[in-house]
Structures are given as structure tokens and as C-alpha cells.
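The chain contents come next:
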Amino acid sequence: MFSIGQAKPGVQLKAASRIEQDQKQPLSSPPPKPEDGPQTQAPFKAGRSPDLSTRARKILRRLANIARFGVGEGGRARKRAAKVAAREAAFDTETWQHQSDLAQRSYASYAEYLEHQSSKLSQVEHRLHETYEVDLAEFRRRFADCEPLREARNVLCLAARLGTEVRALHDLGFFAVGIDLNPGKDNDCVLKGDFHHLVFPDGTVDAVYCNSLDHVMDLEKLLGEIDRVLRSGGLFVADLLQGFEEGFTPGRFESMIWRNREEFIQEIAQRSGFDVVEVRDLGHHRRDNWAQVVFRKGGPECTSPTTT
Ligand SMILES: C[S@@+](CC[C@H](N)C(=O)[O-])C[C@H]1O[C@@H](n2cnc3c(N)ncnc32)[C@H](O)[C@@H]1O
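Residues numbered from 1 in each chain as written. Predicted model: local features only at pLDDT ≥ 70, side-chain atom pairs only at ≥ 80, totals over all residues.

Draft legend 1. Layout of the pairing of strand 10 (residues 275–285). Sheet topology note: the strand 10/strand 11 (residues 288–296) ladder contains nine bridges and is antiparallel. Within the sheet, the bridge partner assigned to glutamate 278 lies in strand 11 and is valine 294. Hairpin connection between strand 10 and strand 11: a loop of two residues separates the two successive antiparallel strands, and arginine 286 in this loop has a positive phi of roughly 55 degrees. (Pairing = 2+ DSSP bridges. Helix = DSSP H or I, 4+ residues; strand = E, 2+ residues; numbered from the N terminus.)

Draft legend 2. Structural context of helix 8 (residues 261–272). With twelve residues, helix 8 extends 16 Å from end C-alpha to end C-alpha; this agrees with the ideal 16 Å at 1.5 Å per step. Those residues of helix 8 that fall on the buried side of the exposure criterion are Arg261, Glu262, Phe264, Ile265 and Ile268. For helix 8, the buried positions fall inside an angular range of 165 degrees around the axis, keeping them on one side. Looking one or two residues beyond helix 8, the residue adopting positive phi is glycine 273, at roughly 85 degrees. (Expected span 1.5 Å × (residues − 1). Buried ≥ 20, exposed ≤ 12 C-beta atoms within 10 Å, placed from the backbone. Arc of directions from axis to C-beta.)

Draft legend 3. Layout of the nonpolar core. Counting 55 residues, the largest nonpolar core has Val155, Leu158, Ala207, Val208, Phe236 and Val237 as its most contacted members. Residues contacting valine 155, with those up to four places away along its chain left out, are Leu169, Phe174, Ala176, Asp206, Ala207 and Tyr209. (Core = buried A, V, L, I, M, F, W, Y, C linked by C-beta atoms within 7 Å. Contact = placed C-beta atoms within 7 Å.)

Draft legend 4. Looking closely at the environment of phenylalanine 195. As for its position among the elements, phenylalanine 195 is in the loop between strand 6 (190–192) and strand 7 (205–210). Put simply, phenylalanine 195 and cysteine 157 are 38 residues apart on the chain and 9.6 Å apart in space, counted from C-alpha to C-alpha. Dropping the residues within four chain positions of it, phenylalanine 195 is found in contact with Leu158, Ala159, Ile179, Leu222 and Glu225.

Draft legend 5. Quick peek at the packing of helix 5 (residues 121–144) against helix 6 (residues 164–171). Running from N to C, helix 5 and helix 6 point in directions that differ by 55 degrees, and their axes come no closer than 8 Å. It follows that helix 5 is oblique to helix 6 by the angle criterion. Read as a crossing pair, helix 5 and helix 6 show a hand that is right-handed. From helix 5, Tyr132, Asp135, Leu136, Phe139, Arg140 and Phe143 reach across to helix 6, where they touch Thr164, Glu165, Arg167, Ala168, Leu169 and Asp171. In terms of residue class, the contact of helix 5 with helix 6 is made up of six nonpolar, one polar and five charged. (Axes fitted to C-alpha atoms, helices over the stretch in contact; angles between N-to-C directions. Parallel < 35°, antiparallel > 145°, perpendicular 65-115°, else oblique. Left-handed = near helix turned anticlockwise from the far one by under 90°. Nonpolar A, V, L, I, M, F, W, Y, C, P; charged D, E, K, R; others polar.)

Draft legend 6. Expanded view of the sheet that holds strand 2 (residues 96–98). With antiparallel pairing, the three strands of this open sheet are ordered in space as 2-3-9. The open sheet terminates on both sides in strands that have one partner only, identified here as strand 2 and strand 9 (256–258). Across the sheet, the mean angle from the axis of one strand to that of its neighbour is 20 degrees, orientation sign disregarded. Where strand 2 and strand 3 (residues 102–105) come together, three bridges link them in antiparallel fashion. Paired with tryptophan 96 across the two strands is arginine 105, which belongs to strand 3.

Draft legend 7. Structural context of unusual backbone geometry. The residue aspartate 186 is not glycine, and still its phi comes out positive at about 55 degrees. Classification of aspartate 186 by C-beta neighbours within 10 Å gives exposed; the count is 10. Residues other than glycine seldom take positive phi values, yet arginine 286 does so here, at roughly 55 degrees. For arginine 286, the location among the structural elements is in the loop between strand 10 and strand 11. Residue arginine 286 is classed as partly exposed on the basis of its 18 C-beta neighbours within 10 Å.

Right under this line is the structure:
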């Protein structure tokens with residue numbers, strides 16, 4: 001088993017890089033990734049100012065937090081501690097089925113999983129407006145620093161929600177498109193779809209990107225679909241949170257969490273048959289610690305699209 005500080009043979013390991021902006025994020029800011037749900041609100045537009053009801057909700061939330069936790073650094077610390085305690089308590093309940101290496105949220109049916117996963121956007125959309133520029137810059141940094149990705153021309157982004165990662169890839173000159181159960185209204189970067197059932201033909205994609213493996217219901221099925229759509233030699237780039245034994249506690253929408261990130265990387269490699277090309281420590285983005293893993297699908301013609 002290799003670790004993120006210790007490359008296995010053939011695996012290129014890079015030093016952590018972290019954007020200064022992230023370090024300046026207030027400690028009480030929302031979770032790292034943007035989050036999801038149905039769209040009862042106005043469509044997301046980058047840089048748009050929040051409307052009156054969004055501002056009013058925000059003020060009410062702040063007042064409620066001040067009443068509950070107090071003000072200043074002490075208040076923020078109490079709020080953080082309360083959130084952590086609530087997450088830990090929830091993770092210990094029967095909501096989660098703990099297996100040896102993974103924990104899965106219990107759903108009565110696949111339909112319930114789809115409904116739950118689709119239900120988040122309306123609850124967090126206001127936050128996405130506030131964090132859009134920082135999130136876009138973070139995605140640009142993650143992709144620009146990912147050397148193996150330079151050989152790809154097209155990238156399919158799984159669970160891309162409003163498409164911030166897709167826009168970052170466009171900024172860097174890639175053809176990219178996302179899919180998400182709930183892409184919101186009028187999304188010109190993300191198609192509606194389930195990543196367990198991709199609509200794209202076999203062997204057509206240079207690279208698949210996903211930062212949401214913690215929202216998977218059926219890992220086997222997902223990896224099968226990624227394998228199917230990737231061309232020989234294609235890349236699967238996965239940004240992964242830490243495992244639950246390493247300090248990550250799931251919130252209200254995660255559906256699957258791994259015990260330990262390094263072991264999970266090996267499990268993906270084993271189940272998919274992909275090779276691990278590179279593991280990079282991405283540092284913290286807001287609350288969480290991230291690593292980027294690049295897997296490569298093998299095959300008889302393991303060539304880059306620029307090679308003829
Ligand atoms: C934490 S968000 C990440 C969104 C986006 N990648 C980002 O960083 O802004 C997780 C996303 O996974 C989506 N999702 C959950 N299950 C899915 C599925 N089976 N197929 C496609 N998208 C799914 C949710 O709708 C949600 O938008």
C-alpha cells in the first residue's frame with residue numbers, strides 16, 4: 001500500500017499546492033465543494049447579486065447564529081464545534097451502514113436515493129453565488145496543475161451541478177460537458193443525468209472528472225460506466241476527500257464515504273483495472289482536505305489523442 005506522502009513505483013507524486021485565497025477563507029465558511037438540490041429558485045448566474053429574499057434569509061440566519069453561539073472568534077468556534085458534533089452524532093446512527101472499508105447511507109430504494117441527491121441545490125444555491133469566483137479559481141488551479149490531463153482534449157464532468165468545473169475546463173481550452181441529477185435551470189454546461197447510467201457511447205471520452213464520489217450509490221456500476229465511455233489510455237481524474245477515519249464526517253447529502261483515502265484509491269484501481277498515474281495533495285479547500293488522483297484506463301492502444 002502506498003501513501004500520499006510515499007509514491008508506489010510508477011506513480012508520480014507531487015508536492016502539495018494550495019491557493020492563498022483558501023487560507024483566507026473565514027473558518028465558519030460553508031463546506032468545500034459546492035452542493036446540490038431541485039431548483040425552485042432563480043437560475044444561477046455567475047457574479048449575479050443575491051436577490052432580496054436571499055439577503056433576508058442570510059441576515060436571519062446570521063441573527064439566529066448570533067443568538068445561539070454569540071459573536072466573534074468564540075462564537076465562530078462554538079458554531080463549528082456544534083456542527084462537528086451534529087455530524088458525528090448523525091454518522092453514528094442507523095442512517096449509515098458501516099462496512100469494512102466503506103460506509104453507505106441507507107436508502108429504502110434507488111428512487112429515494114435519486115430524490116434525496118436531487119434535493120440539495122435549492123438549499124445551498126445562495127451560497128454558490130457567494131463562493132463562485134473562489135470555486136472557479138480553485139478548479140482552474142486543480143486542472144492547470146494536473147499534468148496528465150494536458151493530453152486530453154475532451155473531459156466529461158460527473159456530478160457537475162451548476163458547472164463550475166466545466167467552466168474552468170473551458171477557460172483552459174478543453175471541450176468539456178457535465179452531467180448532474182440536478183443541473184438547475186438554463187444550465188448551458190451541464191446535462192441532466194445519472195452518472196450510474198451515462199448516455200455517451202463507448203470509448204469516446206479522453207478524460208472523466210469527478211469530485212463527488214461521496215454521492216455514489218453503486219461504486220461498481222459507476223466505475224463500469226467510466227470504463228465504458230473512456231477510450232483506451234483515457235484518464236479518470238478524481239478529487240477525493242479524506243476518509244471517515246481520517247477526520248471527514250459526512251453531512252446531510254453524502255451517500256458513500258470511505259474509511260481511508262489511500263485504501264479507497266487502491267480499491268478503485270482494483271475494481272476498475274485502472275492504473276494509478278498520480279496522486280497529488282490539493283491541500284484544504286474551506287473545511288476539507290483534498291487529494292487528486294489520476295487513473296489511466298489501459299488497453300491495446302493506450303495512446304494519447306494527439307498521437308496518430
Ligand atoms: C457536492 S455536489 C458537487 C457539485 C460540483 N461537482 C461542484 O463541485 O460544484 C454533488 C453533486 O452530485 C450530484 N449527484 C448526486 N448523485 C448523482 C448521480 N447519481 N448522478 C449525477 N449526479 C449526482 C448532486 O446533484 C450534486 O450536484
